[in-house]
Amino acid sequence: MARTRYMQAFAQALRDEMLDDERVIALGEDVRQSLRRVTAGLHAEFGDDRVLDTPLSEQAFTGFATGAAMVGYRPVVEYQIPSLVYVAFDQIANQAQKIRLMTGGQVKVPVTYVLPGSGARRGLAGQHSDHPYSLLVHAGVKTVVPAFPDDAYSLFRAAIRDDDPVAVIAPAAVLGVRQELDGMPTEPVPLGRGRIHRHGTDVTVVAIGHLVHEAIAAADELAEEASVEVFDPRTLLPFDWDLLFESVTRTRRLVVMDDSNRTSGIAGDIVSAVVERIVLDALPIRLTRADVPVPFSPILEERVLPSRAQLIDALRTVTSERPNR
Amino acid sequence: MNPAAPEPQSGDAELYRVMRTIRAFEETVVELVNRDEIPGTTHEYIGQEAVAAGVCAALRSTDFIASTHRGHGHVIAKGASVSGMLAELMAKETGLNRGRGGSMHVADVSLGVLGANGIVAGGVPFALGAAWGRRNEGRDDVAVAFFGDGAVGQGLLYECLNMAALWKLPVVFVCENNGYAVSLPVADAVAGTIVSRAEACGIPAVTVDGMNARDVNGAAIDAVERARSGGGPSFIECITYRYAGHHTAEPSLKLTYRTPEEIESWRAKDPLIVAEDWLSDEVRSRIDDEVADRIAEAVEFGRASATPAPETANDYMYANDNDRVRGVLG
């Protein structure tokens, strides 16, 4: 067993896929030097034909990857800053994601979009602090947000092997997470399978990415007061609805914690999907980012992000309400 | 045949056949749009036939093209089935895209047609990726990116010129300058010259008479040869014109951005009239008859074909787990 860091597992996934399949290529900004460490060492190992440093042309290199995918490659495209996908959004949402249906199934577009270090990181301010997953899911792009090193490894590999465009988002707040692992996981994890980190009977918390760690900490902190089930979807599209519905059918209470904007964010979809099917014993609660750009000042930044303290309050609120049946 | 005309060249009959096919196809499409047998609007290629015919005559079936919203001519010239394309425009299951794409997304990837595209310059980077991919495999296939003068206003086009030049990609950029981006004259849209964009990146660029298929073909042969032999990208600006509106809905809008006299002046330079001088009346009339039969067959095929089944609307969205990914919330 060894303490494995998230980034180490993440980078290992890409390297292992490149070793297994010569059609896998990596491209993006500064990928030879690897500012984000996702591609560290890959240029030396695989050379210019497999690791391509691009000009600062997000639209062009995203579309280039689509073209390469259409002729049989499996490009892994890194966006050094997650909000750079906004610059490339036509090429992702309106081109790569739609081409298969628009051509009546003539092509596959097995591109992986990697967004390492998403979210607020204390002082990165308005344009470098987003988690664009709700937007990508809205556009129909398969999207994974692994919270632990083992999932980072398995799901990044699954994303590269998937025949559709897949976005892999690694929140900044989990990049330093360590986990005891006996080597890298050998059992593949398919996209669309959730994971329950804490089993509980009183309330289900759905948390995304780095917030999974907050939810686990809150569950532990409240262990004497309430039995909290922590549900990590891992993949936001496809979403493991069956596992979530099974969980909430047992707990009959729901809190969703999502660090993207509240309006049209995925927390709203998760709550809607549940309450359309299951009568809850308490009103569900969404804890989300406020609908504002992240302000620069750390005290303001903290104010607009969902927090563990809010989660503990929410858990106390939903578990204190009497059953309404 | 005009006695003063140059001797027929071996490819003239083929250039004429392709141009006549495009012309007849587009005239038929307009009729079918007006009869509501084709949903939506389409962008007619009439007037620009020499560009598609001249460029694609320089290509092999294994080469690629990335097309535009005005793409019917490119797809025909690359060799796609006219019946399959018309059935696609008629939204039938037998269409090239099984009725899922229509005019603006028509594709035949088996022939290297990476698709028409509804976003100006949107398909250009696909040509780069496909060209890179084949070169990386040691093949000498090339990719042509078609776009109009309107695309010169798109930052993505510049990004692609720069990347193709940096990486010496086997790509031919073909700008169909038909004078207008919808209603905006090119003089109001492009500062400086169009070819200067390519030249700034060190890409060899020429401007040719886009109404003359021989001229276009000559420039395309040079550019394709340069790409195949490792010489990197080239840029061809074809000066051309569309007689009809931006799309089939334009006549109802009564726009005034150009005069009837201007349109007539270009009709006098019609690429089919230009090509008339290259072939005997007998050869031309034989080709005209063959094309008419082929288009008539395509109309019959389209009309006889079934529409897609409504319950298949989600089909082909995902290559893996299509039913599981959709269908829970949607």
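Residues numbered from 1 in each chain as written. Chains lettered and ligands numbered in written order. Predicted model: local features only at pLDDT ≥ 70, side-chain atom pairs only at ≥ 80, totals over all residues. Heavy atoms only, no water.

1. A look at the nonpolar core
Line of reasoning, step 1. If you look at the biggest cluster of nonpolar residues, it comprises 93 residues, and the most contacted ones within it are Y79(A), L128(B), F173(B) and F235(B).
Line of reasoning, step 2. If we skip the residues at most four places from it in the chain, L128(B) touches F64(A), C160(B), M163(B), A164(B), L169(B), V171(B) and F173(B).
Line of reasoning, step 3. In this structure, V51(B), V172(B), A219(B) and V224(B) belong to the second largest nonpolar core, which totals 58 residues. (Core = buried A, V, L, I, M, F, W, Y, C linked by side-chain atoms within 4.5 Å. Buried < 20%, exposed > 50% of the residue type's maximum accessible area, 1.4 Å probe, protein only. Contact = heavy atoms within 4.5 Å.)

2. Points about the interface of chain B and chain A
Line of reasoning, step 1. Between chain B and chain A, the contact holds 44 residues from the first and 48 residues from the second.
Line of reasoning, step 2. Summed over both partners, the interface of chain B with chain A buries about 3,800 Å², with 61% contributed by carbon and sulfur atoms.
Line of reasoning, step 3. Our enumeration of links across chain B and chain A arrives at 0 salt bridges.
Line of reasoning, step 4. At the level of secondary structure, the elements contributing two or more residues to the side of chain B that touches chain A comprise α5 (124-136), α6 (155-166) and α12 (322-325) of chain B. (Buried area = accessible area lost by both parts, 1.4 Å probe. Salt bridge = Lys/Arg side-chain N within 4 Å of Asp/Glu carboxyl O. Helix = DSSP H or I, 4+ residues; strand = E, 2+ residues; numbered from the N terminus.)

3. Here's the deal with the sheet that holds strand β13 (residues 254-261) of chain A
All names here are of chain A.
Line of reasoning, step 1. Strands sit in the order β9-β11-β10-β13-β14 across an open sheet of 5 strands; the sheet is mixed. Every interior strand has two partners, whereas the edge strands, β9 (195-198) and β14 (285-289), have only one. Sheet twist, expressed as the mean angle between neighbouring strand axes with direction ignored, is 25°.
Line of reasoning, step 2. Along the sheet face, helix α10 (residues 266-275) touches β10 (203-207), β13 and β14 and points at about 155° away from the line of β13.
Line of reasoning, step 3. In this fold helix α12 (residues 308-320) packs onto β10, β11 (228-232), β13 and β14, with an angle of close to 150° to the strand it touches most, β13. (Pairing = 2+ DSSP bridges. Axes fitted to C-alpha atoms, helices over the stretch in contact; angles between N-to-C directions.)

4. As for the packing of helix α4 (residues 82-89) of chain B against helix α11 (residues 281-304) of chain B
All names here are of chain B.
Line of reasoning, step 1. Two numbers describe how α4 lies on α11: the axes approach to 8 Å, and their chain directions differ by 45°. Relative to α11, the element α4 lies oblique. α4 and α11 meet at a crossing whose hand is right-handed. Seen from α4, the contacting residues are V82, S83, L86 and A87; seen from α11, they are R294, I295, E297, A298, V299, F301 and G302. (Parallel < 35°, antiparallel > 145°, perpendicular 65-115°, else oblique. Left-handed = near helix turned anticlockwise from the far one by under 90°.)

5. Some words on the pairing of strand β2 (residues 24-28) of chain A
All names here are of chain A.
Line of reasoning, step 1. With 5 of its 5 residues buried, β2 lies for the most part within the structure.
Line of reasoning, step 2. Alternating residues of β2 divide into V24, A26 and G28 and I25 and L27, and every residue in both groups is buried.
Line of reasoning, step 3. Of the pairings in the sheet, the one linking β2 to strand β4 (residues 74-78) comprises 5 bridges and is parallel in character. Paired with I25 across the bridge in β4 is P75.
Line of reasoning, step 4. In this sheet, strand β3 (residues 51-53) lies alongside β2 in parallel orientation, the contact comprising 3 bridges. Paired with L27 across the two strands is L52, which belongs to β3.

Remember that the coordinates give geometry; whether it matters functionally is a separate question.
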